[in-house]
Amino acid sequence: MAIFRSFAFKYSSVVYRNRLFSSMTDSRGLVLGVYSDEKTKSNKLTKAAEKYNAQTNGQLLQLIDLAGPISNGSQRTFWGLGGYTAVSVVGLGDGAKDWDALEKIDGEKENVRIAAGVGVKALAANKIFNIELDDLESAQSAAEGAHLASYIYQEFRAADKQKKIPELQVLSDSSKKDEWNFGKVLANSQNWARTLSNTPANHMTPTLFAENVAKNMAKGVEVVAHDRQWAEQQGMGSFLSVSNGSAQPPIFLELTYRGIDSAENPIALVGKGITFDSGGISIKPSAKMDAMRADMSGGAIVAATINALAETGAKVYVKGFIPLTENMPGGRATKPGDVFKSRNGKTICVDNTDAEGRLVLIDALDYAADFKPQFILDIATLTGAMSVALGDCLTGAFVNNDKLWQHLEKASESSGDRLWRMPLLKHYTKQMTDFSAYDLDNIAKSGKGGGSCTAAAFLREFVPKDTPWVHLDIAPVMGDTSDQSYLGEGMCGRPLRTIYELIAQNYQRK
Ligand SMILES: [Zn+2]
C-alpha cells in the first residue's frame, strides 16, 4: 500500500505558504470575467464581477467600457480598485459561439480554461501571488485552467532563482467550491504527470519512477513493482528485449484502485514507460533527443489518472499496468533482425530497435487481458507519424468498439483535450503479420507511410477480439503543444482529463 500524501496540495500549500506570508502578505489579486460582443462593443459581467462592480460603485464596468471590449482569451489589469492590489478582468468571448460544430469541443468550458490561465499568468507576472478567482460560471474549468497555467518545472533551478507559484483560491462566496476543488485535483494530477515526464532521465529511471509513484500516489491505491525475474517468469520476452541494452533494471508496475467492493471486472489502463528512448542500435539523431526522457508519458498519465480517480473517490475498479525500461544501445542490446517471443507465444522480428514502444506494450496488453477487463485503454508516445498526421493539438485514437469511441469523443469534447479517430484496417494488419519466418515484424513490410496505423495494427494482435480496446497515440501532444495556451513550456500530461472523464462519466457505479 502506498504511503498517503495528498498531491493536490503539494505545490500550492506546503511548499510556498511560508514565502507568501513573509513577503507578499499584502499583495492580493483578483481574476474576474466578462463576456464581450466585439460587434456591438457591449460588455456583460459574470455574476461575481457584477457583485464586485457594485462594490466599486460601478467603476469597474465604466473602466472596461472606456477602453472597449476585452476580447476572448485576453485580459486587462486594473490597479487599486476595491480591496485588491490588482484586478485582472479576463475575456470569455461570446460563450460557446466562438467554436463551430467541427471543432468537437465544449467551447464555453474551453474559453473559461483559457481565460483563467490568462488572468493568473498576468497577475503572477506582476508579482502578485495571492490570487482569488471568480468561478467564471464554470468552476471546474476555471480551476483546471488556473492550476495548469501556474505549473512550472524548475526542480533543478537554484532555490533563489525559482519562480514563485501563485496561491489560488476561488472567491469565498462562490457556490461552486466542490466543482472548483474537483478541477483542482484533475489539474494537479495532470501537473504530476508533467513532472514525471519533464524530469531528466537520469533522475527518472524505471526504479525512480516506481518509487515516485509509490510515494506520491493517493491513499487506497496499491502499487506493486514487479522485477525482471517476475517478468521472465511471465514470459514477457518482448518487453524484456527492450531492456537488453540498458544498465538500469526494468520494472513492471501494477497499480490497483478499488473504489467499489464487488466482483466487477476492472478497467485496464496500460501506459508505455520508456524512461529514455535513445532508439537503441537504430539510434536516433541527437537533435532534440533529450525530449525522449518523456517517452514514459503514457505511464505517467496512467499513474496520475488513477491518482485522480482515488482522490475524487470514483466508484470504479481500475488496474494500471506500466512496463518501465530504458531503450539503450549497450553491448547486449537487440540487433536489428533479432527475434523474440512475446508473452502470448507469438514471435516478433525486431527490424528497427527504435520501434520499441509496441514491444513493451504487447506483453502488458496480454497480461492486462488476463483480468478480463471491461475495456482496455493503452496510451503511448508511440509514433512520430502521428504528429505528422495531426500536428500538435490532437491525440490519435484507434478503437475497436463504436460505443467506446462515442464515450471517448464525448469525454474529449468536455475536457477540451481532444481525440481523433484513426483507422484499424486489415490492410495495416497484413503489413505487420505477412512474413514466412516469424509471426510479426515490428515495422511495416512496405514502409509506405501510415506508421501510426501499422503500429496500432501490431498492438491489436495482442488484444482479445471481444474486448473493447482503444489505443491512444499521444506523440502529437507530448510536449510544447500550441493549442492550449494554459499549458506552458515542457511536457503536457495530455489527455489525462479526457481519460478521467471517460471513466467517471460512463463506468462509475451509481
Ligand atoms: Zn523509439
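Residues numbered from 1 in each chain as written. Predicted model: local features only at pLDDT ≥ 70, side-chain atom pairs only at ≥ 80, totals over all residues.

Some words on the overall build of the chain
Then comes step 1: The helix and strand tally for the chain stands at 17 helices and 18 strands.
Then comes step 2: A compact globule built from 510 residues should have a C-alpha radius of gyration of about 24 Å, and the chain, at 24 Å, falls within 12% of that.
Then comes step 3: Counting only C-alpha atoms and orienting by the principal axes, one finds that the chain spans roughly 80 × 50 × 45 Å.
Then comes step 4: Excluding contacts between residues fewer than 6 apart, the proportion of contacts in the chain whose partners are at least 24 apart in sequence is 78%. (Helix = DSSP H or I, 4+ residues; strand = E, 2+ residues; numbered from the N terminus. Rg over C-alpha atoms; globule rule 2.2 N^0.38 Å. Contact = placed C-beta atoms within 7 Å.)

A short note on the confidence of the model for the chain
Then comes step 1: Across the chain, the average pLDDT comes to 93, with 95% of residues at 70 or higher.
Then comes step 2: In the predicted structure, residues 1-24 sits below a pLDDT of 50 and forms 35 contacts with residues beyond four places in sequence or in another chain. (pLDDT = per-residue confidence, 0-100.)

Some words on the sheet that holds strand S17 (residues 440-441)
Then comes step 1: The three strands lie next to each other as S12-S13-S17, forming an open sheet whose pairing is mixed. Unpaired on one side and paired on the other, strand S12 (338-341) and S17 mark the two borders of the sheet.
Then comes step 2: Across two bridges, strand S13 (residues 347-350) lies against S17 in parallel orientation. Each residue of the ladder has a partner; that of cysteine 349, found in S17, is aspartate 441. (Pairing = 2+ DSSP bridges.)

Some details on the domain arrangement of the chain
Then comes step 1: Under the domain assignment used here, the chain contains domain 1 (7-175) and domain 2 (221-506).
Then comes step 2: Contacts between domain 1 and domain 2 engage 18 residues on the former and 13 residues on the latter.
Then comes step 3: Secondary-structure elements contributing two or more residues to the side of domain 1 that touches domain 2 are helix H5 (107-125) and helix H6 (139-149).
Then comes step 4: Top element by residues in the side of domain 1 that touches domain 2 is H5. It accounts for five residues. (Domains from an automatic or database assignment.)

Examining the nonpolar core
Among soluble globular proteins, nonpolar side chains are generally buried collectively.
Then comes step 1: If you look at the biggest cluster of nonpolar residues, it comprises 151 residues, and the most contacted ones within it are Leu309 and Leu365.
Then comes step 2: Shared between two domains, this core takes at least three residues from each, and those domains are domain 1 (7-175) and domain 2 (221-506).
Then comes step 3: Aside from chain neighbours lying at most four places away, what touches leucine 365 is Val270, Ile376, Asp378, Leu459, Phe462 and Val463. (Core = buried A, V, L, I, M, F, W, Y, C linked by C-beta atoms within 7 Å. Buried ≥ 20, exposed ≤ 12 C-beta atoms within 10 Å, placed from the backbone.)

Examining helix H15 (residues 426-433)
Then comes step 1: Of the residues making up H15, those classed as buried are Tyr428, Gln431 and Met432. In a view along the axis of H15, the buried residues occupy a sector of 90 degrees, so they form one face of it. Along H15, the residues that are exposed and aim more than 90 degrees away from the buried face are Lys426 and His427. (Arc of directions from axis to C-beta.)

Description of unusual backbone geometry
Then comes step 1: Here the bond from arginine 494 into proline 495 is cis, since omega is -5 degrees, no more than 30 degrees from zero.
Then comes step 2: Summarising the element assignment, proline 495 is placed in the loop between strand S18 (469-473) and helix H17 (496-506).
Then comes step 3: Its identity is not glycine, yet lysine 104 carries a phi of approximately 50 degrees, on the positive side.
Then comes step 4: Within the secondary structure, lysine 104 is located in the loop between strand S4 (86-91) and H5.
Then comes step 5: The backbone phi angle of lysine 127 is positive, close to 60 degrees, even though this residue is not glycine.

Quick look at the packing of H15 against helix H16 (residues 451-460)
Then comes step 1: Where H15 meets H16, the closest approach of the two axes is 8 Å, and the angle between their N-to-C directions is 75 degrees. The orientation of H15 relative to H16 falls into the category roughly perpendicular. Residues Tyr428, Thr429, Gln431 and Met432 of H15 pack against Cys453, Thr454, Ala457, Phe458 and Arg460 of H16.
Then comes step 2: Of the residues that constitute the contact of H15 with H16, the class distribution is five nonpolar, three polar and one charged. (Axes fitted to C-alpha atoms, helices over the stretch in contact; angles between N-to-C directions. Parallel < 35°, antiparallel > 145°, perpendicular 65-115°, else oblique. Nonpolar A, V, L, I, M, F, W, Y, C, P; charged D, E, K, R; others polar.)

Brief notes about the pairing of strand S9 (residues 267-271)
Then comes step 1: Burial analysis of S9 places five of its five residues in the buried class, the great majority of the element.
Then comes step 2: In this structure, S9 lies alongside strand S11 (residues 317-327), joined through four bridges in parallel fashion. For leucine 269, the partnering residue across the bridge sits in S11 and is glycine 320.
Then comes step 3: Taken together, the four bridges between S9 and strand S14 (residues 376-380) define a ladder with parallel strand orientation. Paired with valine 270 across the two strands is aspartate 378, which belongs to S14.

As for the environment of glycine 391
Then comes step 1: Looking at where glycine 391 falls in the secondary structure, it is placed in the loop between helix H13 (384-390) and strand S15 (395-399).
Then comes step 2: For glycine 391, a count of 13 C-beta atoms within 10 Å puts it in the partly exposed group.
Then comes step 3: Sequence separation of glycine 391 and proline 476 is 85 residues, and the distance between their C-alpha atoms is 6.1 Å.

Considering the environment of arginine 421
Then comes step 1: One can find arginine 421 in strand S16 (residues 419-421).
Then comes step 2: What makes arginine 421 partly exposed here is the crowd of 14 C-beta atoms within 10 Å.
Then comes step 3: For the pair arginine 421 and threonine 395, spaced 26 residues apart in sequence, the C-alpha to C-alpha distance is 8.8 Å.
Then comes step 4: Those residues in contact with arginine 421 that sit more than four places away from it in its chain are Ala397, Val399 and Trp405.

Points about the pairing of strand S3 (residues 75-79)
Then comes step 1: Pairing between S3 and S4: five bridges, direction antiparallel. Bridging from a neighbouring strand, phenylalanine 78 pairs with valine 87 of S4.
Then comes step 2: Hairpin connection of S3 to S4: six residues between the antiparallel strands, including glycine 80 at a positive phi of 65 degrees.

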